[in-house]
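# Analysis of the macromolecular model
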Amino acid sequence: MPNDLPYHSLTNLAAHLARGDLTSVDLVQACLDRIARIDPQLHAFVDVWADSALACAQAADLEREAGMARGALHGLPIALKDLVHVAGRQTTAGSKSWLGRISDDTATVAERLLAAGMIPLGKTHMVEFAFGGWGRNEPMGAPWNPWDTAVHRVCGGSSSGSAAAVAAGLVPAAIGSDTGGSVRIPAALCGLTGLKTTYGLVSLAGVVPLSATLDSIGPLAHSVDDVALLTAAMAGADPRDPATQAAPRVDFAAALAGEPDLAGRRITCLAPESLPEGITADVLRVFDDAVAALRDLGAVVDVARFPLDFTELAARNGRIIAAEAYTVHRATIADPALPIDPWVRRRMLSGREISAADYLDELAARRRAMGGFAEWMRGRDALLTPTLPITATPLHEVDEATTPLATFTRAANYLGGCALSLPAGHARDGLPIGVQLMGAPFADATLVRLGRAFQLATDWHLRRPDLSAWENA
């Protein structure tokens, strides 16, 4: 068996399983072997469930032999961000103070992935309580971005371990969460595809909350096809999460059917004056290349000024997160004896200063902005932006007092939309760069169609980091 199996897409692996030239045991063992060899340096996993993963793989192979395959995801491995509860397993939510805390229930997303036949390999590291975009975690340690084996660069947060594990080929896909960019930021910094799903599409039941208003669950994988398959498996009404009850059905199967055609699709890209001063020349070059690629595919890409200010949206998004996060985690954060990351503590304690009146004013402002965004998106399929203004920063250079990585990502959460980050190029030093397609609420399938076309015409999502220094150590 090839030793790069965990790098293959879920769709490719599923085809091998269906043909019988690969078993789930082979695949899971290949993942576990790479985890054992590379994760001591990468620091992606909090817990690895080797014994249960192999047992599940054996069961999946038996089911398939008996003609009882459950679908495209049956027998494929997955990693879970360590805020997704699984009964009987530890959930730390990235906090050293929660080590040894065992869950007594299982999140709906985990239940649905298990029902689809997926095999969880374990839990991945994250920013403490998911409150941070850089990917740092002082008490628990930060995962290493695999695109530079010489310098410890950030993976982005808060789904840092999930992104590192997929980018380094330890597992073909992983689940993250996104409150202001926590799926898309790591995806862009690590050369992956990441989907921030529309709020209400995927149940949050059994997921440790950061902001009940803004949280969402989304996948990180190599391809758009893979994130669509995973989202389809997780999505749907859940009595444990009222927000899912009113959500319309999103037809991912139709979005994955046939060759995508972008003829007549209307995409608006940001006008130059809407871009921040700190954006790098490499990011601008990749963004221009993405615009050209979409036009070559037949999309109508116009340039317009976005009617809302990204900086203001990011600040307002941050205030809602702080207020709601403090409400949930105040007992832990306020205890000075607990080993809490100092910057996470500072951000959460800022929520203590937001009055009830100010919080309600923020929610009202958000509703108005959501209405304006929905109106502006009429007749448009997506807004195209860079995912991030910069590439992966060395860990020792991170300034936690700044939030440049959230420049373009927080808007989708604040405005109630969906957003897809796509690998779109590399900087001159070889670090990955992504672009973001942002859609109206529940336009997730539309973004899948656009992203699939882009990935059929480009190969950035197929690129792999050079890990020979770690593999041969």
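Structure's up top.
All values derive from a computational prediction rather than experimental measurement.

Each helix and strand in the chain was counted, giving 15 helices and eleven strands. Since a compact globule built from 473 residues should have a radius of gyration of about 23 Å, the 21 Å found for the chain is in line with a globular shape. By residue count, 61% of the 473 residues in the chain fall in the buried class. The long-range share in the chain, meaning contacts at least 24 apart out of those at least 6 apart in sequence, stands at 78%.

This part is about helix 2 (residues 24–42). By the largest-angle criterion, Ala36 marks the main kink of helix 2, which is about 40°, and a proline, Pro40, follows within four residues. All buried positions along helix 2 are accounted for by Ser24, Leu27, Val28, Ala30, Cys31, Leu32, Arg34, Ile35, Ile38, Asp39 and Leu42. Following helix 2 by one or two positions, His43 has its phi on the positive side, about 65°.

So, on to the packing of helix 2 against helix 3 (residues 50–65). Remark: helix 2 packs on helix 3, axes separated minimally by 8 Å, with the N-to-C direction vectors making an angle of 160°. Relative to helix 3, helix 2 is oriented roughly antiparallel. At the point where helix 2 passes helix 3, the crossing takes the right-handed sense. Contacts between helix 2 and helix 3 involve Ser24, Val25, Val28, Gln29 and Leu32 from the first element and Ala50, Ala53, Leu54, Ala57, Gln58, Ala60, Asp61 and Arg64 from the second. For the contact of helix 2 with helix 3, the class distribution of residues is eight nonpolar, three polar and two charged.

Scanning all chains against the criterion turns up six aromatic pairs. Residues Phe306 and Phe310 carry aromatic rings whose centres are separated by 5.1 Å and whose planes lie at 35° to one another, so their mutual orientation is tilted. There is no split in this pair, since Phe306 and Phe310 are both buried. Linked through ring pairs, Phe306, Phe310, Phe373, Trp376 and Phe408 together constitute an aromatic cluster. Between the NZ or CZ atom of Arg346 and the centre of the ring of Trp343, over which it lies, the distance is 4.2 Å. Positioned over the ring face of Trp376 is Arg380, at 3.8 Å from the centre of the ring.

Attention now goes to helix 7 (residues 224–234). Every buried residue of helix 7 is listed here: Val224, Asp226, Val227, Ala228, Leu230, Thr231 and Met234. Of the residues flanking the end of helix 7, it is Gly236, one or two places downstream, whose phi is positive at about 125°.

Criteria and cut-off values
Residues numbered from 1 in each chain as written. Predicted model: local features only at pLDDT ≥ 70, side-chain atom pairs only at ≥ 80, totals over all residues. Heavy atoms only, no water. Helix = DSSP H or I, 4+ residues; strand = E, 2+ residues; numbered from the N terminus. Rg over C-alpha atoms; globule rule 2.2 N^0.38 Å. Buried < 20%, exposed > 50% of the residue type's maximum accessible area, 1.4 Å probe, protein only. Contact = heavy atoms within 4.5 Å. Bend = angle between axes of the 7 residues up to and from the residue. Axes fitted to C-alpha atoms, helices over the stretch in contact; angles between N-to-C directions. Parallel < 35°, antiparallel > 145°, perpendicular 65-115°, else oblique. Left-handed = near helix turned anticlockwise from the far one by under 90°. Nonpolar A, V, L, I, M, F, W, Y, C, P; charged D, E, K, R; others polar. Phe/Tyr/Trp six-rings, centres within 6.5 Å; stacked < 30°, edge-to-face > 60°. Lys NZ or Arg CZ within 6 Å of the ring centre and 35° of its normal.

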